[in-house]
Amino acid sequence: MSTSQPAPHPLTVGEGPMALERALAQPDPDSLTAASALRRLVAPELAALALEQASLRRRARSKFGDRAADMLFTATGLEQATRPEVSAWRADTFAEGCSRVLDLGCGLGFDALAMGRAGLGVDAVELDPLTASCAQHNLASVKGRVLVGDAASAVPAVMDGGVLVFVDPARRSSTGRSWRLEDLSPGWDFVLSLRQRCDRLVVKLGPGISRSLLPDDLGRHWVSHEGTLVEVCLATDVGEGPAVDRVVVLRGGRRYELVGRGLGRLPVEDVGEYLHEPDPAVIRSQLYAEACSGTNAWLVDHDVAYLSSDGPLDTPLVTSFRVLESIPWSVRTLRAWCREHRIGTLEIKKRGLDVDPAELRRQLKLKGSASATVVLTPTPRGTRALVCERVPRSP
Ligand SMILES: C[S@@+](CC[C@H](N)C(=O)[O-])C[C@H]1O[C@@H](n2cnc3c(N)ncnc32)[C@H](O)[C@@H]1O
């Protein structure tokens, strides 16, 4: 299959812009009233497309804010689109030294847009014709072009230096979203084959893919955004030496980066004065020792992602709690403690044990005006219920 130019999106030509404007003006674009109003103006297919677009734009506002106002979406494309703070981080990190990006499976074009804004010329390829038409519209402000077709047929036999090849494969199977490498499209073997064909390869994968399946000749960046682990990004490491693991935490408009230095595992000891919950990107990368480097911190269990220390930890990569009390864990002991302290509202955090916080809250029969935070965790002294107070994060 060869590549071709996408057709203009139906909402950008003929009666399309007018239909979209009318759909956007509908108080509820999903309603029957809106459908009837639009069908009086244009053909049913165009009416349906315009109303769906109006509905998608509303949904897209939570991810893209005001930027959504001029964009075109598909439902699947919106679901798969990279968050703007993450695509901006990727472009800032990997565009340097490159002049063009070849985005193989560009979706609605949000990663390509960030690369284009970072100054790269954009060649974007997309298999699905309607998605490609959206991308063509969304990428109008940057230098480059969108093509419809299979990624494999868009890779030149000889790649110029200065080309950054980016792949964010779709992660779907016939049963929905998938974490299996075999379910990626473009396929995983194709993605791996690109390592030999370009100077800089950057691959976005879902964060749930087991780290043991990831190639170790590409650098691995575990990325979290506002406390949610969003992806593992693989990239040809710039510079000599073996590929390095990294943590990237994007929070409140700031970026924090941590580089793996092979510091190994932290020791396991009993809970001290403070308990720390690492950012999910630290947990997934297992870079606990690097996250706590220069401090005296330890793990409270070999298999549980809680750290502890006797002093506060000065790092934005953990959420910290001061431990006020440590109770041997059972429903009975915790219920008695809550009753004694008149706890009516209880925040329950837990790792390493099979407890449903909602069900536990019911069993505790909470009554009173006080509130508390309790952390349930295995420790060297057995499973404990730690009554904690959150330590405010330093700005
Ligand atoms: C996860 S999305 C890309 C999202 C994009 N990075 C963004 O932020 O908007 C992956 C896209 O790859 C496309 N795709 C899947 N297989 C492909 C192939 N063999 N060739 C070209 N595109 C493909 C899918 O249609 C989908 O739109």
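Now for a quick tour of the structure. (Residues numbered from 1 in each chain as written. Predicted model: local features only at pLDDT ≥ 70, side-chain atom pairs only at ≥ 80, totals over all residues. Heavy atoms only, no water.)

## Here we look at unusual backbone geometry
Logical step 1: With an omega of 0°, the peptide bond running from Ser-185 to Pro-186 counts as cis.
Logical step 2: Inspection of the secondary structure assignment puts Pro-186 in the loop between strand S7 (184–185) and helix H8 (188–193).
Logical step 3: In the Ramachandran plot, Gln-286 falls in the positive-phi region, its phi being about 65° despite a non-glycine side chain.
Logical step 4: The residue Gln-286 is located in the loop between helix H9 (280–285) and helix H10 (288–291) in this model.
Logical step 5: Classification of Gln-286 by relative accessible area gives partly exposed; the value is 36%.
Logical step 6: Phi is positive for Arg-342, which is not a glycine, with a value near 50°.
Logical step 7: Within the secondary structure layout, Arg-342 lies in the loop between helix H11 (331–340) and strand S17 (343–350).
Logical step 8: Owing to a relative accessible area of 59%, Arg-342 belongs among the exposed residues under this scheme. (Helix = DSSP H or I, 4+ residues; strand = E, 2+ residues; numbered from the N terminus. Buried < 20%, exposed > 50% of the residue type's maximum accessible area, 1.4 Å probe, protein only.)

## Comments concerning the layout of surface pockets
Logical step 1: Reported here for the largest pocket is a volume of approximately 540 Å³.
Logical step 2: Residue lining of the largest pocket: 33 residues in total, with Gln-80, Gly-105, Gly-107, Glu-126 and Ala-170 positioned closest to the centre.
Logical step 3: Elements with a contribution of two residues or more to the lining of the largest pocket: helix H4 (75–80), strand S1 (100–104), helix H6 (110–117), strand S2 (121–126) and strand S5 (170–173). (1 Å grid on protein atoms, 1.4 Å probe; cavity = no way out; pocket = protein on both sides within 12 Å on 5 of 7 lines; lining within 4 Å. Points joined across faces, edges and corners; volume = space filled by probe spheres on them.)

## Let's talk about the site of the ligand
Logical step 1: The immediate surroundings of the ligand are formed by 20 residues, with Asp-111, Glu-126, Ala-151, Asp-168 and Ser-185 found nearest.
Logical step 2: Side-chain polar atom of Ser-185 to a nitrogen atom of the ligand: 2.6 Å apart, as the coordinates give it.
Logical step 3: Burial of the ligand by the surrounding chains reaches 93%, relative to a free accessible area of 610 Å².
Logical step 4: The cavity that encloses the ligand is the largest pocket. (Near = heavy atom within 4 Å. Polar contact = N/O pair within 3.5 Å; in protein donor to acceptor, adjacent residues only side chain to side chain. Areas by Shrake-Rupley, 256 points an atom, 1.4 Å probe, with all protein chains shown as cover. Sits in = over half its atoms within 2 Å of the grid points.)

## Some words on the side chain of Thr-82
Logical step 1: Position of Thr-82 among the secondary structure elements: in the loop between H4 and helix H5 (84–94).
Logical step 2: Look at Thr-82 and you get buried, because its relative accessible area is 3%.
Logical step 3: Looking at Thr-82, its side chain comes within polar contact range of the side chain of Lys-204, at 2.8 Å.
Logical step 4: Those residues in contact with Thr-82 that lie beyond four places of it in its chain are Phe-64, Ser-87, Arg-90, Phe-110, Asp-111, Asp-168, Lys-204 and Glu-231. (Contact = heavy atoms within 4.5 Å.)

## Looking at the pairing of strand S10 (residues 228–235)
Logical step 1: With 7 of its 8 residues buried, S10 lies for the most part within the structure.
Logical step 2: Note that strand S8 (residues 200–205) and S10 share 4 bridges and pair antiparallel. Paired with Lys-204 across the bridge in S10 is Cys-233.
Logical step 3: Bridging between strand S9 (residues 219–225) and S10 involves 7 bridges; their strand directions are antiparallel. Bridge pairing in S10 places His-221 opposite Cys-233.
Logical step 4: Between the antiparallel neighbours S9 and S10 lie 2 residues, among them Glu-226 with a positive phi of about 50°. (Pairing = 2+ DSSP bridges.)

## Describing the sheet that holds strand S15 (residues 307–309)
Logical step 1: The 7 strands lie next to each other as S14-S15-S13-S16-S19-S18-S17, forming an open sheet whose pairing is mixed. The open sheet has two edge strands, strand S14 (297–299) and S17, and neither has a second partner. Taken over all neighbouring pairs, the strand axes of this sheet differ in orientation by 40° on average, direction set aside.
Logical step 2: Taken together, the 7 bridges between strand S16 (residues 318–328) and strand S19 (residues 382–390) define a ladder with antiparallel strand orientation. Considered in S19, the bridge of Ser-326 is made with Leu-386.
Logical step 3: Lying over the sheet, helix H12 (residues 357–364) contacts S17 and strand S18 (370–379), oriented at roughly 145° with respect to S17. (Axes fitted to C-alpha atoms, helices over the stretch in contact; angles between N-to-C directions.)

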